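One-letter residues, chain by chain:
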Amino acid sequence: MTFSVNYVELDGGGACLRLAGELDLATAPELTAAIDRLTAAGETRVLLDLTDLTFCDSTGMAVFVRGDNQAAADGGWLRLTGANGRVERVLRVTGLADVLRYEPESVDPASRSAS
């Protein structure tokens, strides 16, 4: 399966990247580049919609953490939503669900405490 990253602007400000397919060693650079483009443009609030992500290995998880660290350094955040199946399980088992304040159905993390 292929991997894709699609950009969506959030109504209350911030950006959403919708991920689809398999996020692994081969495709992680594409997500890294997308996050880098957003932060270079001054975006500090990024939501990653994982609804259509079917697989994520440790390389993908590292991109999530790197993106969160990058956003936090600029006073912002990176949050995850929509994971299911194996992807959600990996988030919970690794503890990243807590670290990245994952909420399965969150549409706009700005509506809750993002600090």
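Look above for the structure.
No experiment lies behind these values; they were computed from the predicted model shown.

*Asks:* Got a minute to help me understand the overall build of the chain in this structure?
*Replies:* The helix and strand inventory of the chain stands at 4 helices and 4 strands. Ordered by position in the sequence, the α and β elements of the chain form the string β-β-α-β-α-β-α-α. A globule of 115 residues ought to have a C-alpha radius of gyration of about 13 Å, and the chain, at 13 Å, matches this closely. When the backbone C-alpha atoms are referred to their principal axes, the chain occupies close to 30 × 25 × 25 Å. Taking the intrachain contacts of the chain between residues at least 6 apart in sequence as the baseline, contacts between residues at least 24 apart amount to 62%. Accessible surface, the chain: about 5800 Å² in total, of which carbon and sulfur atoms supply 51%. With 10 positive and 17 negative side-chain charges, the chain shows a separation of 4 Å between the mean positions of the two kinds.

*Asks:* Please explain the sheet that holds strand S1 (residues 4–9) as it appears in this structure.
*Replies:* Taking strand neighbours across the sheet as the criterion, the 4 strands line up as S1-S2-S3-S4 in an open arrangement whose pairing is mixed. Only two strands of the sheet have a single neighbouring strand rather than two, namely S1 and strand S4 (77–81). Across the sheet, the mean angle from the axis of one strand to that of its neighbour is 25°, orientation sign disregarded. Sitting on the sheet, helix H1 (residues 28–40) is in contact with S1, strand S2 (15–23), strand S3 (45–56) and S4, with an inclination near 175° to S2.

*Asks:* So what exactly am I meant to see when it comes to the packing of H1 against helix H2 (residues 58–73) here?
*Replies:* To describe two helices that pack against each other, one gives the angle between their axes and the distance between the axes. Remark: H1 packs on H2, axes separated minimally by 9 Å, with the N-to-C direction vectors making an angle of 10°. Relative to H2, H1 is oriented roughly parallel. In this structure, H1 contributes Ala28, Leu31, Thr32, Ile35, Asp36 and Thr39 to the contact, and H2 contributes Thr59, Val63, Phe64, Arg66, Gly67 and Gln70. Of the residues assigned to the contact of H1 with H2, the class counts are 5 nonpolar, 5 polar and 2 charged.

*Asks:* How do you make sense of the pattern of salt bridges when you look at a structure like this?
*Replies:* Any two side chains of opposite charge can pair, on the condition that their charged atoms come close. Evaluation of the coordinates by the stated rule reveals 4 salt bridges. Across the pair Asp36 and Arg66 runs a salt bridge, and its minimum N-O distance is 3.0 Å. With a gap of 30 residues between them, Asp36 in helix H1 and Arg66 in helix H2 connect regions that are remote in the sequence. Residue class for Arg66 comes out partly exposed when judged on its relative accessible area of 37%. Here Arg79 makes a salt bridge to Asp68, at a shortest N to O gap of 3.6 Å. Of this pair, Arg79 sits in strand S4 while Asp68 sits in helix H2, and the two are 11 residues apart along the sequence. Here the two residues Arg79 and Asp68 agree in accessibility, since each one is buried.

Conventions used here
- Residues numbered from 1 in each chain as written.
- Predicted model: local features only at pLDDT ≥ 70, side-chain atom pairs only at ≥ 80, totals over all residues.
- Heavy atoms only, no water.
- Helix = DSSP H or I, 4+ residues; strand = E, 2+ residues; numbered from the N terminus.
- Rg over C-alpha atoms; globule rule 2.2 N^0.38 Å.
- Contact = heavy atoms within 4.5 Å.
- Areas by Shrake-Rupley, 256 points an atom, 1.4 Å probe, with all protein chains shown as cover.
- Lys, Arg positive; Asp, Glu negative; His and termini not counted.
- Charge placed at Lys NZ, Arg CZ, Asp CG, Glu CD.
- Pairing = 2+ DSSP bridges.
- Axes fitted to C-alpha atoms, helices over the stretch in contact; angles between N-to-C directions.
- Parallel < 35°, antiparallel > 145°, perpendicular 65-115°, else oblique.
- Nonpolar A, V, L, I, M, F, W, Y, C, P; charged D, E, K, R; others polar.
- Salt bridge = Lys/Arg side-chain N within 4 Å of Asp/Glu carboxyl O.
- Buried < 20%, exposed > 50% of the residue type's maximum accessible area, 1.4 Å probe, protein only.

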